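A look at the structure
If you want the building blocks of each chain, they are given just below.
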Amino acid sequence: MTVTQPKGFRAAGVAAGIKAEGKLDLALVVNDGPLQVAAGVFTRNVIKAAPVLWSQEVLKQQRLKAVVLNSGGANAATGPGGFQDTHKTAEKVAELLEAGAIEVAVCSTGLIGERLPMDALLSGVDTAVRELGTGAETDLATATAVMTTDSKPKQAVAKHESGWSVGGFAKGAGMLAPNLATMLSVLTTDAVVSPEVLDRALRAATGLTFDRLDVDGGTSTNDTVLVLASGASGVEPSETELTELLTTVSLDLVLQLRADSEGATKYVDVTVTGAASEADAIAVGRTIAEDNLVKTALFGSDPNWGRIAMALGRVPAEIDPEKVSITINGVTLFAKGTTATDRSEADLSGRDITIVVDLGLGEGEATIYTTDLSHAYVEENSAYSS
């Protein structure tokens, strides 16, 4: 069990007919309380999908009864009609759950620019409400229903020794970059928590996890991470404890997203240390993670540190070339402005690669999670249309 592992939650994943061939394409997560506290973080892309605009608005009250999610269509760049479709979806869920539409968040994922088949979607909501339940099979169906180019569902759960837990799921395989990545994620917890604490804990957790995933530099129109708290455990953790468990579950999901990212043959951690600030460390790490010359070298298992030096050298951050060192898979190849070790000493033949860049200037540090750039990534994205 994952999303329904915390007490007070039910879920369902059904085939509404949005996708072809009867695939699961609509998910519903319901918070039965006694609390219905919620928080969310969203894409920073200026072009926001209708469900993002709707969910941002309803979350101003920091309370949610349910979240409905669909795959098979992003409902982005669809104008006023697309927003009306989102509103109708929330109203339908609210009607069946005897709640208000303002208590229902909506998430969509899929191709940008097309309206959703509302008859199918609303009929699917009816089915999902009838099938609400708990358990491993239910949670798997729920996580599967939000998949697009994903090859497998992503789920995670962690339980605190004092009896409360955090569970959830995520989707995403491409357009993965900072500002959350192209993904939807719903997290649940049965902790007793105030809206203010839940919001701070979520932002702290996503800042170290979802916001550090960078596969291709693309920032989606639909990115959404929601957390719902039921309070059903009766346990009120400290803010630190809540943040730690949310971070644990979020990082688990992020690493699953990376592992399933389109065309990936290498899993790469880019860690920047010794930066003048955390912001500088993040900026350097992201630039290296997004650089196509770095990524193609990694695909070829080539420890070409010169490309890494080039990438970090163009970042608007404080950098002293004489203090920089570059280490790949444990071998320091560049230090004090020149070659330190022959690059052939670094073995990149395996799937896991660690790049550590020490700027030698301060205490700022950050890790960005990325992949290589392969033929398969280009082929899959050149053909994507659904």
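If you're wondering where the values come from, they're calculated on a predicted model, not measured in any experiment.

**Some points on the pattern of salt bridges**
On inspection of all chains with the given rule, the structure shows 16 salt bridges. Arg-63 is the salt-bridge partner of Glu-103, the closest N and O atoms lying 2.1 Å from each other. Of this pair, Glu-103 sits in the loop between helix H2 (79-97) and strand S5 (104-109) while Arg-63 sits in the loop between helix H1 (50-58) and strand S4 (66-71), placing them 40 residues apart in sequence. For the salt bridge of Arg-203 with Asp-199, the shortest nitrogen-to-oxygen distance reads 3.1 Å. Here Arg-203 and its partner Asp-199 are both found in helix H5 (residues 195-208), 4 residues apart, which amounts to about one turn of the helix. Through salt bridges that share partners, Arg-10, Asp-32 and Lys-65 make up one connected network.

**Considering empty space enclosed by the protein**
The tally for this structure, following the rule as stated, stands at 2 cavities of 30 Å³ or more. In this structure, the largest cavity occupies an estimated 60 Å³ of space. In this structure, the largest cavity is lined by 13 residues; those nearest its centre are Asn-70, Thr-89, Val-106, Ser-108 and Leu-121. At the level of secondary structure, the elements contributing two or more residues to the lining of the largest cavity comprise S4, H2 and S5. Counted by class, the lining of the largest cavity contains 7 nonpolar, 5 polar and 1 charged residues. Taken as a whole, the second largest cavity spans an internal volume of roughly 40 Å³. If you go around the second largest cavity, the residues you meet are Val-294, Ala-297, Leu-298, Asp-302, Pro-303, Asn-304, Arg-307, Ile-308, Ile-328 and Leu-348.

**Concerning the environment of Gly-17**
Residue position: Gly-17 is located in the loop between strand S1 (9-14) and strand S2 (26-31). According to the relative accessible area criterion, Gly-17 is partly exposed, its value standing at 45%. Each C-alpha atom of the pair Gly-17 and Ala-120 lies 5.6 Å from the other, and the pair is 103 residues apart in sequence. The contacts of Gly-17, once residues within four sequence positions are left out, are Asp-25 and Ala-120.

**Structural notes on H2**
Residues spaced three or four apart along an α-helix point in a common direction, a consequence of the helix completing one turn every 3.6 residues. The end-to-end C-alpha distance of H2 is 28 Å, a good match for the 27 Å that 19 residues give at a rise of 1.5 Å each. Within H2, burial applies to Gly-81, Gly-82, Asp-85, Thr-86, Thr-89, Ala-90, Lys-92, Val-93, Ala-94 and Leu-97. Looking at the buried side of H2, the elements it contacts are S2, H1, S4, S5 and helix H3 (118-130). The positive-phi residue at the C-terminal boundary of H2 is Glu-98, with phi of around 55°.

**Notes on the domain arrangement of the protein chain**
Buried accessible area, meaning the area lost when the parts come together, often serves as the stated size of an interface. Domain boundaries assigned for the protein chain yield domain 1 (9-259) and domain 2 (267-381). A separation of 33 Å is found between the C-alpha centroids of domain 1 and domain 2. Summing both sides of the interface, domain 1 and domain 2 together bury roughly 1,400 Å²; the carbon and sulfur share of this comes to 48%. Contact with domain 2 buries surface across domain 1, with Arg-212, Asp-214 and Arg-258 losing the most and accounting together for 51% of the total.

**Quick word on the sheet that holds S1**
Spatially, S1-S2-S4-S5 is the arrangement adopted by the 4 strands of the open sheet, whose pairing is mixed. Two strands in the sheet have a free side with no partner beyond their single neighbour: S1 and S5. Here the average twist between neighbouring strands, direction ignored, is 10°. Pairing analysis gives 6 bridges linking S1 to S2, with the strands arranged antiparallel. The residue bridging Ala-12 from the neighbouring strand is Leu-28, located in S2. Packing against the sheet, H2 makes contact with S2, S4 and S5, and its axis sits at approximately 130° to S5. Lying over the sheet, helix H4 (residues 136-144) contacts S1 and S2, oriented at roughly 55° with respect to S1.

**Considerations on the sheet that holds strand S10 (residues 267-275)**
Taken in spatial order, the 6 strands line up as S13-S12-S11-S14-S10-S15 in an open sheet, and their pairing is mixed. The strands lining the two open edges of the sheet, one partner per strand, are strand S13 (338-339) and strand S15 (364-371). The sheet contact formed by strand S12 (residues 331-335) and S13 spans 2 bridges and is antiparallel. Paired with Phe-334 across the strands is Thr-339, a residue of S13. Of the strands in this sheet, strand S11 (325-328), S12, S13 and strand S14 (352-358) touch helix H9 (residues 305-313), which is tilted by about 135° from S11.

Definitions and limits used
Residues numbered from 1 in each chain as written. Predicted model: local features only at pLDDT ≥ 70, side-chain atom pairs only at ≥ 80, totals over all residues. Heavy atoms only, no water. Salt bridge = Lys/Arg side-chain N within 4 Å of Asp/Glu carboxyl O. Helix = DSSP H or I, 4+ residues; strand = E, 2+ residues; numbered from the N terminus. 1 Å grid on protein atoms, 1.4 Å probe; cavity = no way out; pocket = protein on both sides within 12 Å on 5 of 7 lines; lining within 4 Å. Points joined across faces, edges and corners; volume = space filled by probe spheres on them. Nonpolar A, V, L, I, M, F, W, Y, C, P; charged D, E, K, R; others polar. Buried < 20%, exposed > 50% of the residue type's maximum accessible area, 1.4 Å probe, protein only. Contact = heavy atoms within 4.5 Å. Expected span 1.5 Å × (residues − 1). Domains from an automatic or database assignment. Buried area = accessible area lost by both parts, 1.4 Å probe. Pairing = 2+ DSSP bridges. Axes fitted to C-alpha atoms, helices over the stretch in contact; angles between N-to-C directions.

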